[in-house]
Amino acid sequence: RFHRVSNGAVGTSVGLRRKMAAENPGTAAKEAHDQKVAWFKEYLYNNREEWERKIELRLANGDLRIPLELKSLQSAQPGLEKKVLQDPVKYLPAYEEGLLGFLADTAPKALKSLKQALRLDLQGAFGRNHVTPRGMTAEYTGQLMCVEGLVTRCLVTKPKLLYSMHVRKDVDDNYVEQRDHRDTTSLVVTSRSAAGFPKQDSDKNDLQMDVAFSVYKDSQHFTIQETPDTAPPGQIPRSIKVICDGDLCDKAKPGDRVQVIGIYRSFPPPLQDFTDGVFPAKLVATDIKPVKELTEPNFTPEDINNIQKIAEREDTFQLLARSFAPSICGHERVKAGLLLQMLGGVEKNLSNGTHLRGDINVLLVGDPSCGKSQMLRFVMNTAPLAISTTGRGSSGVGLTAAMIRDAGSREFHLEAGAMVLADRGVICIDEFDKMNQVDRVAIHEAMEQQCVTIAKAGMHVTLNARCSVLAAANPIFGNFDSTLDLVKNIGLPDSLLSRFDLIFVVRDQTTEEIDRKIADQVLRQCATRFDDGKKRGVEQIHSSILERRSQQGFSDEPAQLFEAQMGEDSSQGQVVTVDFLQKYIRFARRRQPVLNEEARQAVTEKYVEMRMRFQSGYADLSATDGAERKPRLAVTTRTLEALIRLATAHAKLKLRKDFVLVEDVEQAYRLMLSAREEDVPEPAPAAAAPVDDDTGSNGGDGRKAGRGKKRQREEAEASQPESVEEGIMKGRYESLKTLVGRCFAKQRLPSIGRMDLLAMVNGDLAPGEPDFTEAELDAGLAKMESANKIMIDETGDEVIFVG
C-alpha cells in the first residue's frame, strides 16, 4: 500500500511538472540550463587542482579561452560528446557560466580582474564534423564544426554594442537603465523587440544613451576558402564567412591557412510579409588556429630505403632531372633547374631582423611550342601547394593584395592575391611577357623580400608571400632573333631579371635527330593506354578531411621506384615514378645544410670569376675592343645568393645533413653557366653533366648535332692567329691581367715575387689553357706597368699592385 501511494505521488509530481513546463516553456529551459551549470561545476570540482592550474596559467598569459577536451566530457558522461557536437548552443553557455562560478569560488580576485568573460575552447576529434568549406551543408546547421581553409578576405575589426546604458536626459539622479543587445553570435536567444533603445522610463522621463558606460566588444568578419590542394580541378572553390569577436579578432589575415572551430548558425533577415526561405549561414568562431602542415602521405620503411639508395648513386642529379616531366623530350638543364627549385635553399632569419629567402625563382624564356607550359603544369601537379595564373589575366594587385571597398557598407576590406595565397608553395605564371610594366613592378617586393606591403585607405598591412616564382615567357619578338644578343631578345628590365636565380633559354632547334626523338616519344605516348581506374578532375571531390586522408591511404604503401619503359625503346635510361619523385623531394626538403669552409671559398671564387667574365666582358678574350664584347646578363650580389641557394638545394638532393660541399657548388655553377648559354670551362666531354646539354637534346649525339655550327664557328675563330703586340697576344694579355688582379685580391699583399706570381697565375688557369711563359709574363707586366696597373721594383723580382 505504501508503494502504491508513493508511485502515485511520484507520477502526480512528474505529470504536474510536465504540465507546468508546457504552460511555461521558459521555466523548463531555465531548469535544464541550471542542471547543466551544476553538472559542469561538479565536473570541475572533481578535478579541482588540474583546472585551477590550467585556468591560472591561461590567465597569466592573457588568454581568456580555457581548453576543454571532448574526450574528457565523453569519459565523464558517455554520449555527452555527441550531444555537444550536435547542439552546442544548449551546452556551451551553461558550461561557461559554470566555469565563472567555479572561478568565483576558487579565485575571486582573478574574477574581479577580468575585463571579459571566460570562454571555453572545445578541442579534440570532430569526426564527420571536420570538413572543408565545401562540406558545410545544410545538415550541419546548428552543429559544432571544425573547418580548414585559406583566408582570402578580411574585414576591419569594429566595436559591437553588447549592453547599452541609458540615463535620464535632464536629471542627474544616478538612474541607469540597461538594455541587452546580444544577438545570435553570442549564443543566446533574445527577442529583436527587446534590443531597441528605450525613449522613456516608467515615469515618462526622457532617456538618453550614455556611450561611455555602455559595453562593447570587438567583432570581425573574414572569409575562408578551399585550399588549392583540396579544391577539385574544374570547379569553383567554395568559401564560407566566419564571425569572430573578442580576442579572436585579427588572429587571421589573408593568405593564412587556418583551422576554425565554431558553430554553424543561420542568420535570418528581419521578418517581412514575404520570404524566399534562404537564410545566410555563417560560422561563429570559438577558436582559430594556424595550420602549418599539409595533408600528405606517410613514408614507409621501404620508401626510405629506396630514397637512400638513390641518393648514394653517382648520377642522382641526372636521374631525378631525367625523371622530372618525363613526357617532355629533352630540356635536361631546364628540368635540373626546376628540380632544384622544388627542393629550395635554406631560409635565413637573422637576429637583426634581416630575412634571406631560401626559395628559388626560375624564368623560362623561349620559342613557342617548346614545352614551357607543360613544365609549369608538371610543377603545379607535383608540388604540395601550387597556384597557377597567367600574365594577361593577372594584374599587379591580383598577384599581391588589394584593398576593395564593399558595395553594401562602403568600407574597405583586404583581399589576398595569388602570391599571398601561394605562401610556402610555388606560383606558376604563364605568359609572363604579356603583363604590362606596372603590374610587373608590383611583384618586385614579393619576389625578393617575400612579403606584400599595403598602405591604403588608412590601413598598413604586411602579408607573407614566401613562395617560389616559376614564370614562362616568349622573346620580345615572339621567336629568338639570332642577330640580337640574349639581353635584347628577353626584353625584360634588369631589376626584374636579377630577382630570378635561373633564367633558361629554351630554343626550338631544327636538327633531324632531335626532331626524330621528339616525334618518336610523342607517338609512343599516344600509342600507350593509361587506365588505372582512379578518379580524376571533378570526379575527385572530397569535402571531409577524414575522407581525403582515407583516399590518400593508398600512398601508405611503398611507391613504385622505377617507371616501366614505354615500348621497346629504352635509350632514355631509367626514370623514377612521379609518386617516388614527390616523396624524394618531400624527404630531401627537410635537410638544412650549411656551407663549410671549402664551399665558402669555392663560392667566392666562382662569384668573382663570373663578375670578371660577364660584368666586365673579359669572357670575350679574342675581342679586339670593347665594342665587340657581347652584352650579357648582369651578375649582381643576388647572383651570389642564387649560387648559394642552388648549391644548398643540390646538397639537399644528395641528402647531406650538415654541410654543403665543393661538389654542390660546382654543380650549381655549371647549371648557372648553362642557363646563361655560356660554355662551362671543363675540357673533358665525358665529365660534362647532362644538365650541360643543350635544350631539346637527350644525349651526346644530339648535342653535337644541335651545336655543330656554333662549335665549328667558335673553333674557326679560335684557330685564327691573334695579333701579337710586345711579346704577348691580346687575348692572353687580357687573361693575364685578370689573373694578376685575382692573385693580389686573394693574397691581400702589397707585393708578390715575380716567380711566385707566375706560379699563382698558372695555377688559376682554366683546364686546358696553356701556361704562361716567363717571356709572356714579362711582356704582360711591362704593358700593365705602362697602364699604371702595377709597379716593378728596381731588381725586377717584386711586383707591386697599384689598382
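Residues numbered from 1 in each chain as written. Predicted model: local features only at pLDDT ≥ 70, side-chain atom pairs only at ≥ 80, totals over all residues. Heavy atoms only, no water.

Any two packed helices are characterised by how steeply their axes cross, that is the angle between the axes, and by the distance between the axes. Here helix 26 (residues 730–747) crosses helix 28 (residues 774–786) at 75°, and the two axes come no closer than 10 Å. Taken together, the axes of helix 26 and helix 28 lie roughly perpendicular to each other. Contact residues: Arg 732, Tyr 733, Leu 736, Lys 737 and Val 740 in helix 26; Glu 776, Leu 777, Gly 780, Lys 783 and Met 784 in helix 28. When its residues are assigned to classes, the contact of helix 26 with helix 28 shows five nonpolar, one polar and four charged. (Axes fitted to C-alpha atoms, helices over the stretch in contact; angles between N-to-C directions. Helix = DSSP H or I, 4+ residues; strand = E, 2+ residues; numbered from the N terminus. Parallel < 35°, antiparallel > 145°, perpendicular 65-115°, else oblique. Contact = heavy atoms within 4.5 Å. Nonpolar A, V, L, I, M, F, W, Y, C, P; charged D, E, K, R; others polar.)

Time to look at the nonpolar core. Among the nonpolar cores identified, the biggest contains 66 residues, and Phe 324, Leu 470 and Tyr 584 are the most heavily contacted of them. Residues in contact with Phe 324, not counting those within four places in the same chain, are Lys 335, Leu 338, Leu 339, Met 342, Phe 378, Val 379 and Leu 581. In terms of nonpolar packing, the next biggest core, distinct from the first, is built from 40 residues, Ile 387, Ala 465, Leu 486 and Leu 497 among them. (Core = buried A, V, L, I, M, F, W, Y, C linked by side-chain atoms within 4.5 Å. Buried < 20%, exposed > 50% of the residue type's maximum accessible area, 1.4 Å probe, protein only.)

Within this structure, the stated rule accounts for 28 salt bridges. With a closest N to O distance of 3.5 Å, Arg 357 and Glu 448 form a salt bridge. Of this pair, Arg 357 sits in the loop between strand 12 (355–356) and strand 13 (362–366) while Glu 448 is found in helix 15 (residues 444–448), placing the two residues 91 residues apart along the sequence. Classification of Arg 357 as buried rests on a relative accessible area of 3%. In this structure Glu 448 comes out as buried when scored by relative accessible area, which is 11%. Put simply, Asp 501 and Arg 357 hold a salt bridge, and the shortest N to O gap is 3.2 Å. Taken together, the positions of Asp 501 in the loop between helix 17 (494–497) and strand 21 (502–506) and Arg 357 in the loop between strand 12 and strand 13 put the pair 144 residues apart, joining distant regions of the chain. (Salt bridge = Lys/Arg side-chain N within 4 Å of Asp/Glu carboxyl O.)

Moving on, we come to the environment of Asn 596. Relative to the helices and strands, Asn 596 is located in the loop between strand 22 (594–595) and helix 21 (597–615). Separated by 63 residues in the primary sequence, Asn 596 and Phe 659 have C-alpha atoms spaced 5.7 Å apart. Not counting chain neighbours up to four residues away, the residues in contact with Asn 596 comprise Phe 659, Val 660 and Leu 661.

On to helix 6 (residues 88–106). Quick reminder: α-helices carry 3.6 residues per turn. Residues three or four places apart thus point the same way. Between the first and last C-alpha of helix 6 there are 26 Å, a value that for 19 residues agrees with the 27 Å anticipated at 1.5 Å per step. Those residues of helix 6 not exposed but buried are Pro 88, Tyr 91, Leu 92, Ala 94, Tyr 95, Glu 96, Gly 98, Leu 99, Gly 101, Phe 102 and Leu 103. (Expected span 1.5 Å × (residues − 1).)

Take the packing of aromatic side chains next. Throughout the structure, instances matching the rule amount to 10 aromatic pairs. With a centroid separation of 4.6 Å and 15° between ring planes, the pair formed by Phe 40 and Tyr 95 is classed as stacked. Of the two residues, Phe 40 is situated in helix 2 (residues 25–46) and Tyr 95 in helix 6; the sequence distance between them amounts to 55 residues. Owing to a relative accessible area of 0%, Phe 40 belongs among the buried residues under this scheme. Residue class for Tyr 95 comes out buried when judged on its relative accessible area of 3%. (Phe/Tyr/Trp six-rings, centres within 6.5 Å; stacked < 30°, edge-to-face > 60°.)

Packing of helix 26 against helix 27 (residues 754–763) leaves a shortest axis separation of 9 Å and a crossing angle of 105°. Classified by the angle between their axes, helix 26 and helix 27 sit roughly perpendicular to one another. In contact with Leu 736, Leu 739, Val 740, Cys 743, Phe 744 and Gln 747 of helix 26, helix 27 contributes Leu 757, Met 760 and Val 761. Grouping the constituent residues of the contact of helix 26 with helix 27 by class yields eight nonpolar, one polar and no charged.

Take a nonpolar patch on the surface next. Together, Val 594, Phe 659 and Leu 661 make up an exposed nonpolar region whose accessible area comes to about 240 Å². Inspection of the secondary structure assignment puts Phe 659 in strand 23 (residues 659–660). (Patch = residues over 30% accessible without salt bridge, like charges linked within 9 Å, V, L, I, M, F, W, Y side chains within 5 Å. Areas by Shrake-Rupley, 256 points an atom, 1.4 Å probe, with all protein chains shown as cover.)

On to the pairing of strand 10 (residues 281–290). Along strand 10, seven of the 10 residues are buried, which leaves the element largely enclosed by surrounding structure. Bridge analysis of strand 8 (residues 239–245) against strand 10 gives two bridges, and the strand direction is parallel. Bridged to Ile 243 within strand 10 is Val 284. (Pairing = 2+ DSSP bridges.)

Read from one edge of the open sheet, five strands run 14-17-20-13-21, paired in parallel fashion. Each edge of the open sheet carries a strand with a single partner, namely strand 14 (386–390) and strand 21. On average, each strand axis in the sheet is tilted by 15° relative to the strand beside it, whichever way the strands run. With four bridges connecting them, strand 17 (residues 426–430) and strand 20 (residues 468–473) associate as parallel partners.

Everything listed here is a matter of geometry and, on its own, says nothing about what the molecule does.
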